[in-house]
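Each chain, letter by letter, is given below.
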Amino acid sequence: MTSPERALRDAFPAGRRVDLRPDTPEEDQAADGGQRGPERTVRATVVCALLLGANSAQPGAVAQLRLTGAQIRGRLDLAGAQITHPLWLEACWFDEAVNLLGASTQTLVLTGSRIPGIEADSARIEGNFSLRRSVVEGGAPTPFNRLSTALSLTDARISGALLLNAARLIAPGGWALSAGGLAMEGGIFCRNGFTAHGEVRLMGAQLPGTLVMQGARLETPGPGGVALTLDNATASSLKLSQGFTANGTVRLHGTQVTGNVTFDGAVLNGPPAHDAHTPALTAVHLQAVDLDLTLARPPSGTLDLRGAQVSTLHENEHTWPQQVELDGFVYGSIKTADADDERHETAGNRESAARRLAWIRSGPGYNPQPYEQLATWYRSAGHDDDARRVLLAKQRHRRRTLPPATRAWGHLLDVTVGYGYRPWLAGIWLLALTLLGTPAFATHSPTPVKQGEGAPFQPLVYTLDLLIPIAGLGQRTSWYWTSNTLQWLAYLLIAFGWILTTTVIAGVTRTLQKN
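Conventions used here
- Residues numbered from 1 in each chain as written.
- Predicted model: local features only at pLDDT ≥ 70, side-chain atom pairs only at ≥ 80, totals over all residues.
- Heavy atoms only, no water.
- Helix = DSSP H or I, 4+ residues; strand = E, 2+ residues; numbered from the N terminus.
- Contact = heavy atoms within 4.5 Å.
- Areas by Shrake-Rupley, 256 points an atom, 1.4 Å probe, with all protein chains shown as cover.
- Axes fitted to C-alpha atoms, helices over the stretch in contact; angles between N-to-C directions.
- Parallel < 35°, antiparallel > 145°, perpendicular 65-115°, else oblique.
- Nonpolar A, V, L, I, M, F, W, Y, C, P; charged D, E, K, R; others polar.
- Buried < 20%, exposed > 50% of the residue type's maximum accessible area, 1.4 Å probe, protein only.
- Patch = residues over 30% accessible without salt bridge, like charges linked within 9 Å, V, L, I, M, F, W, Y side chains within 5 Å.
- Salt bridge = Lys/Arg side-chain N within 4 Å of Asp/Glu carboxyl O.
- Phe/Tyr/Trp six-rings, centres within 6.5 Å; stacked < 30°, edge-to-face > 60°.
- Lys NZ or Arg CZ within 6 Å of the ring centre and 35° of its normal.
- 1 Å grid on protein atoms, 1.4 Å probe; cavity = no way out; pocket = protein on both sides within 12 Å on 5 of 7 lines; lining within 4 Å.
- Points joined across faces, edges and corners; volume = space filled by probe spheres on them.
- Pairing = 2+ DSSP bridges.
- Expected span 1.5 Å × (residues − 1).
- Core = buried A, V, L, I, M, F, W, Y, C linked by side-chain atoms within 4.5 Å.

Draft legend 1. Seen up close, the overall build of the protein chain. Looking only at helices and strands, the protein chain has 10 helices and 40 strands in total. At a minimum sequence separation of 6, the contacts of the protein chain that also span at least 24 residues come to 52%. Surface exposure of the protein chain reaches about 22,800 Å², of which carbon and sulfur atoms provide 53%.

If you want it as structure tokens, here you go:
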């Protein structure tokens, strides 16, 4: 055994740390770019042997392997091993990837190190797994795995936390973190400059703790790529905020969160080769208490919230991109953050209603549910005027999808009574036609149907009798005109009266049925 290996063997039973770093930090930094000398090299087989009980524990002490500043020569292969001792490696340089496939181990700490990949699928870790400040690079693709993977934790179970603060996971064109089916008891922490070059995959992961990615930066593998996948995962909360940047799609398909999903101050750029239809965030069937979309700037791609269910939606002026898909999106309330980051439940504001209608209309095609959902919220907030405004916008949007004849009838309903949501328009039309007919009929004297019978002619009452087809005021049936012009005017007013009556009944019936 070499001198550093003997020192490690002797320190292991008592759990003492062996530090192989030079006295001056400059020398250690220079060595980061190349190989370390034999005085700082430890064979991976020696590490494996000690962890598997090659040296008995010292009575009264906890045996653990603590090594700093070493180069690990060879492959650290612990696949299927039952490891009962904690492993602490700091500022180490690994020649080959670490294999923990199916291993059962205690706390793993590999901080500030450079590692050419870690495979820990189906591993059981009783304690924390820390890669703080480490650089983990994915190896070359193999015939069994066509994608490069830096850190693989598929179906692994970790009883503590996964600490990736300030770490870099590098697998361009592949998976920076592959952890489908990962079961955590603690949280996952990716803060303080965490960077992933490649997709972070947590499909179906169980995260009863919090996923914290505040300030993290995720780079997509390539055009049309995905930066973060949490499809069908469960979590207590997701904190993708405070400078979180995703240069790729963030996927939350079917994700169930018992707490909040926060994108406060985040940047959702979408894939590099994005267009207007490439999603920056897709959260189809997401379930959460709060969804905070107070972004730092508008997403560069689409926002897909179809079928999502949240109690409260937080928005600001940067929330909505050019295209949003909202069919089936259900929320209990909307809170808007102003410039001072104060959250207000805003309703009853014509400008805010127009802005929200704009992001509903930005979706592809016509879907009634987003209009109904927004109107329901306005009603629950006590703002019936805004609710009617939203439902009128829904009818106008729907009209564009109808055949020409039905569109014409829709235009008539809109102009006369606003589809029943503006019944006062019928009063304006009635007043205008009354002001047209009364002076016209007052300039001439009509001929009585029967001489000496009937009420005296009154132009105003006669005009109203023509416009109101239901019941009668005794004028229309008692007089007729010898002037063709006035007779045709009377016919025109009768026709307008029937049209107004029909549209009022249709519009009011539609409104009453909806209510």
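Additional details are given in the paragraphs that follow.
Draft legend 2. Structural view of the packing of helix H5 (residues 368-380) against helix H6 (residues 384-399). Between H5 and H6, the least distance of the axes is 7 Å, while the angle of their chain directions is 170 degrees. The pairing of H5 with H6 is recorded here as roughly antiparallel in orientation. For the pair formed by H5 and H6, the contact residues are Pro368, Tyr371, Glu372, Leu374, Ala375, Tyr378 and Arg379 on the first element and Asp384, Asp386, Ala387, Val390, Leu391, Ala393, Lys394 and His397 on the second. Of the residues belonging to the contact of H5 with H6, the class tally is 9 nonpolar, 1 polar and 5 charged.

Draft legend 3. A look at the side chain of Thr312. Inspection of the secondary structure puts Thr312 in strand S35 (residues 309-315). Classification of Thr312 by relative accessible area gives buried; the value is 13%. Sequence-distant contacts of Thr312, defined by excluding residues within four places in its chain, comprise Val289, Asp290, Leu291, Ser333 and Lys335.

Draft legend 4. Fine view of a nonpolar patch on the surface. Residues Ile468, Ile470 and Ile505 make up a contiguous nonpolar surface patch of roughly 280 Å² in combined accessible area. For Ile505, the position within the fold is in helix H10 (residues 484-514).

Draft legend 5. Quick look at the environment of Gly254. Topologically, Gly254 is positioned in the loop between strand S28 (249-251) and strand S29 (256-257). Sequence separation between Gly254 and Ala308 is 54 residues; the distance between their C-alpha atoms is 8.3 Å. When near neighbours in sequence (up to four residues on either side) are disregarded, Gly254 contacts Asn232, Ala233, Val284, His285 and Leu286.

Draft legend 6. How the structure looks around the packing of aromatic side chains. In the structure shown here, the tally under the stated rule is 4 aromatic pairs. Taking 4.1 Å as the distance between ring centres and 15 degrees as the angle between the ring planes, the aromatic pair formed by Trp320 and Trp359 counts as stacked. Here the residue Trp320 occupies a position in the loop between S35 and strand S36 (324-325), and Trp359 occupies one in helix H4 (residues 350-361), the gap between them amounting to 39 residues. As far as burial versus exposure is concerned, Trp320 and Trp359 are alike and both buried. For Arg66, the ring lying beneath its charged end belongs to Trp88, and the centroid distance is 5.0 Å. Directly above the aromatic system of Trp175 lies the positively charged group of Arg201, at a separation of 4.5 Å from the ring centroid.

Draft legend 7. Molecular detail of unusual backbone geometry. For Ala91, which is not glycine, the phi dihedral falls at a positive 55 degrees. Tracing the backbone shows Ala91 in the loop between strand S6 (87-90) and strand S7 (93-94). On the basis of relative accessible area, Ala91 is assigned to the buried category, the value being 17%. Positive phi is not limited to glycine here, since Arg133 has a value of about 65 degrees. By the element assignment, Arg133 lies in the loop between strand S14 (129-130) and strand S15 (135-137). Arg133 sits in the partly exposed class, given a relative accessible area of 42%.

Draft legend 8. Structural detail: empty space enclosed by the protein. Taken as a whole, this structure holds 3 cavities of 30 Å³ or more when the rule is applied. Around the largest cavity, the lining comprises 13 residues; the ones closest to its centre are Leu326, Ile360, Gly363, Asn367 and Pro370. Breaking the lining of the largest cavity down by element, the ones donating at least two residues are S36 and H4. Taken together, the residues of the lining of the largest cavity sort by class into 7 nonpolar, 4 polar and 2 charged.

Draft legend 9. Molecular detail of the pattern of salt bridges. The final tally for this structure, using the stated rule, is 17 salt bridges. Where Arg114 meets Glu137, a salt bridge forms, and the shortest distance between an N and an O atom there is 3.2 Å. Residue Arg114 is located in strand S11 (residues 114-115), and its partner Glu137 is located in strand S15; the two are separated by 23 residues in the primary sequence. Owing to a relative accessible area of 32%, Arg114 belongs among the partly exposed residues under this scheme. Glu137 gets classed as partly exposed once you look at its relative accessible area, which sits at 34%. Glu219 serves as the salt-bridge partner of Arg217, at 2.7 Å between the closest nitrogen and oxygen.

Draft legend 10. View of the pairing of strand S33 (residues 287-292). Pairing analysis gives 3 bridges linking strand S30 (residues 260-262) to S33, with the strands arranged parallel. When the bridges of S33 are listed, Asn260 appears paired with Asp290.

Draft legend 11. Seen up close, the pairing of strand S3 (residues 65-68). By the bridge criterion, 3 bridges tie strand S1 (residues 17-19) to S3 in an arrangement that is parallel. Pairing of Arg17 across the sheet is with Arg66, part of S3. Of the pairings in the sheet, the one linking S3 to S6 comprises 4 bridges and is parallel in character. Paired with Thr68 across the strands is Glu90, a residue of S6.

Draft legend 12. Local environment of H6. The end-to-end C-alpha separation of H6 is 23 Å, in line with the 22 Å expected for 16 residues at 1.5 Å each. Every buried residue belonging to H6 is among Asp386, Ala387, Val390, Leu391, Leu392, Ala393, Lys394, Gln395, His397 and Arg399, and all of these are buried.

Draft legend 13. Seen up close, the nonpolar core. Of all hydrophobic cores here, the largest spans 115 residues; its most connected members are Leu67, Phe129, Met213, Phe244 and Phe263. In terms of residue count, the dominant contributor to this core is helix H3 (residues 44-51) (6 residues). Ignoring anything within four residues of it in the chain, the contact list for Phe129 reads Leu108, Leu110, Ile118, Leu151, Leu153, Ile158, Ala161, Leu162 and Leu163. The next biggest cluster of nonpolar side chains, apart from the first, holds 11 residues, and it includes Tyr462, Leu467, Leu486 and Leu493.

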